[in-house]
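# Coordinate analysis (summary)
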Amino acid sequence: MKWSRRRFLGWTLAGLGVGAAGLTTWVATSHHRAARWTRRLIRESRRPIAPPPHRPRPEQWSAEQVTLAWLGHATFLLNFYGVWILTDPALYPRIGVDLRLGTLGPKRLVAPALGLGDLPTPDVVLLSHAHMDHLDMRTLRAVLRPELPVVTARDTSDLVRDAGGRQVTELGWGEAATLRTRAGEVRIEAFEVKHWGQRWPNDRPRGYNGYVLRREGTALIFGGDTAHTQLFQRLRPGGPYAAAIMPIAAYRPWIWNHCTPEEAVQMADAAGARYFVPMHHETFILSDEPVEEPRQRLEAALAKEPGRLALRQVGETFVVPRV
């Protein structure tokens, strides 16, 4: 379905039971969560986007190492022994409803550490699920080209094709694909997490994955989006894992779909990951906890082993030691 600005506004108002004439009053006075979020969107439209505190230098990365940089939210650039992987790319000022002329939704707190023109040409794009902060249509249209392989969750390939992707591999839980790239092979295994995948409230159910990435004897975990679950214990026999990239925010009030920082550490520990790489925080305001709280709680959770915490700020780069 193609969503116009008018269609989206009509759908939203109908769902809330609000007529157009009363919209201004409702937004200004209602305690409904949607009204409060609308007021937040209006306020943040006046807020400038901060520059990233760090800037990666991928042109200096070695193909003999595993190097990753956090570009913001769930977007990472990885050089996995010469194979360039881009995860859940969202690189524009806003995420949300794609109106072709722009995006209606939350505004970035901090700009991406690399812009579209600064990215190396990826060999693989990895998508965890269809939510708009992870599958951003505007960014995908800018990044994808027909020959670029995309690995995504079940029942999401239609979105990738709408964005211009043609080499699309859908993976369900327990399924794997070995992709051949210009630098060699990389194996990608999908595993079950505790989340959900519908893009719209009335959308059909769609898949949602975490992934294990394997190449040249090194394994990494990309946790996607998940609440606390015992499912990560199932990964342990396939380890060891050099690092786990895990979400740590958006838990208040969405605790049934997003884990706390402490729970993220517990899941990484259950899988047997050596280094912990946080994501899904301090980029967009998607929940009610203070912006800096997730990182502060994470640092406290790892206070006895601070060397395990690989990254803290947008733009930082980490070279992953071999396990």
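Residues numbered from 1 in each chain as written. Predicted model: local features only at pLDDT ≥ 70, side-chain atom pairs only at ≥ 80, totals over all residues. Heavy atoms only, no water.

In this section: the overall build of the protein. Scanning the protein from N- to C-terminus turns up seven helices and 15 strands. For the protein, the proportion of its 323 residues judged to be buried stands at 55%. A sequence separation of at least 24 residues applies to 64% of the contacts in the protein between residues at least 6 apart. Of the accessible surface of the protein, which amounts to about 14,100 Å², a share of 52% is contributed by carbon and sulfur atoms. (Helix = DSSP H or I, 4+ residues; strand = E, 2+ residues; numbered from the N terminus. Buried < 20%, exposed > 50% of the residue type's maximum accessible area, 1.4 Å probe, protein only. Contact = heavy atoms within 4.5 Å. Areas by Shrake-Rupley, 256 points an atom, 1.4 Å probe, with all protein chains shown as cover.)

Turning our eyes to something else, we now look at the confidence of the model for the protein. The predicted coordinates ought not to be read in detail in places where the model reports low pLDDT. Per-residue pLDDT for the protein has a mean of 91; in total, 88% of the residues score no lower than 70. Low pLDDT, under 50, characterises residues 1–6; the stretch is placed with 11 contacts to residues that sit more than four places away or in other chains. (pLDDT = per-residue confidence, 0-100.)

Of the strand pairs in this sheet, strand β9 (residues 176–181) and strand β10 (residues 184–191) are connected by six bridges, and their pairing is antiparallel. Directly across from L179, in β10, lies its bridge partner V186. If you look at the hairpin formed by β9 and β10, you'll find two residues sitting between the two strands. Where β10 and strand β11 (residues 210–215) come together, five bridges link them in antiparallel fashion. Residue pairing for β11: R187 is matched across the bridge by R214. (Pairing = 2+ DSSP bridges.)

Moving on, we come to the environment of G102. Residue position: G102 is located in the loop between β4 (97–98) and β5 (103–104). On the basis of relative accessibility, which here comes to 17%, the residue G102 falls in the buried class. C-alpha separation for the pair G102 and Y92, spaced 10 residues apart in sequence, amounts to 9.4 Å.

Here we come to the sheet that holds β11. The strand order β9-β10-β11-β12-β13-β14 describes an open sheet built from six strands, whose pairing is mixed. Pairing within the sheet leaves two strands with one partner each, and these edge strands are β9 and β14 (273–279). For this sheet the average axis-to-axis angle between neighbouring strands, irrespective of direction, equals 20°. Contacting β12 (218–222), β13 (241–247) and β14, helix α6 (residues 261–271) runs over the sheet at an angle of about 155° to β13. (Axes fitted to C-alpha atoms, helices over the stretch in contact; angles between N-to-C directions.)

A word on the pattern of salt bridges. Tallied over the entire structure, the rule returns 21 salt bridges. For D98, the salt bridge identified is with R141, shortest N-O distance 2.6 Å. Placement of the pair is D98 in strand β4 and R141 in helix α4 (residues 137–143), with a sequence separation of 43 residues. Given a relative accessible area of 17%, D98 falls into the buried group. Between E293 and R297 there is a salt bridge; the shortest N-O distance is 3.4 Å. Of this pair, E293 and R297 both sit in helix α7 (residues 293–301), separated by four residues, roughly a single helical turn. A relative accessible area of 15% means that E293 is categorised as buried. (Salt bridge = Lys/Arg side-chain N within 4 Å of Asp/Glu carboxyl O.)

Here we take up the side chain of T75. Along the chain, T75 turns up in strand β2 (residues 75–80). Not counting residues within four places of it along the chain, the set of residues in contact with T75 comprises A69, W70, L86, T87, D88, P89, A90 and L91.

Here we come to the sheet that holds strand β3 (residues 83–87). The strand order across the open sheet built from seven strands is β8-β7-β6-β3-β2-β1-β15, with neighbouring strands paired in mixed fashion. One side of each edge strand has no neighbouring strand; the edge strands of this open sheet are β8 (167–171) and β15 (317–320). For this sheet, the mean inter-axis angle between neighbouring strands, taken without regard to orientation, is 20°. For β2 and β3, the ladder comprises four bridges, and the chain directions are antiparallel. Bridge assignment links F80 to a residue of β3, and that residue is V83.

A separate point is the pairing of β3. Counting buried residues along β3, five of its five residues qualify, which places the element largely inside the surrounding structure. Along β3, one buried face is formed by V83, I85 and T87 and the opposite face, lined by W84 and L86, is buried too. The turn linking β2 back onto β3 is made up of two residues, and Y81 within it adopts a positive phi angle of 50°. Across three bridges, β3 lies against strand β6 (residues 124–126) in parallel orientation. Within β6, the residue paired with L86 across the bridge is V125.

To continue, consider unusual backbone geometry. Here the bond from G239 into P240 is cis, since omega is 5°, no more than 30 degrees from zero. Inspection of the secondary structure puts P240 in the loop between β12 and β13. Note that the residue after R252, namely P253, is joined by a cis bond; omega there is 10°. Within the secondary structure layout, P253 lies in the loop between β13 and α6. Despite not being glycine, D155 shows a phi value in the positive range, around 60°. Taking relative accessible area as the criterion, D155 reaches 38% and is therefore assigned partly exposed. The backbone phi angle of A250 is positive, close to 70°, even though this residue is not glycine. Mapped onto the secondary structure, A250 falls in the loop between β13 and α6.

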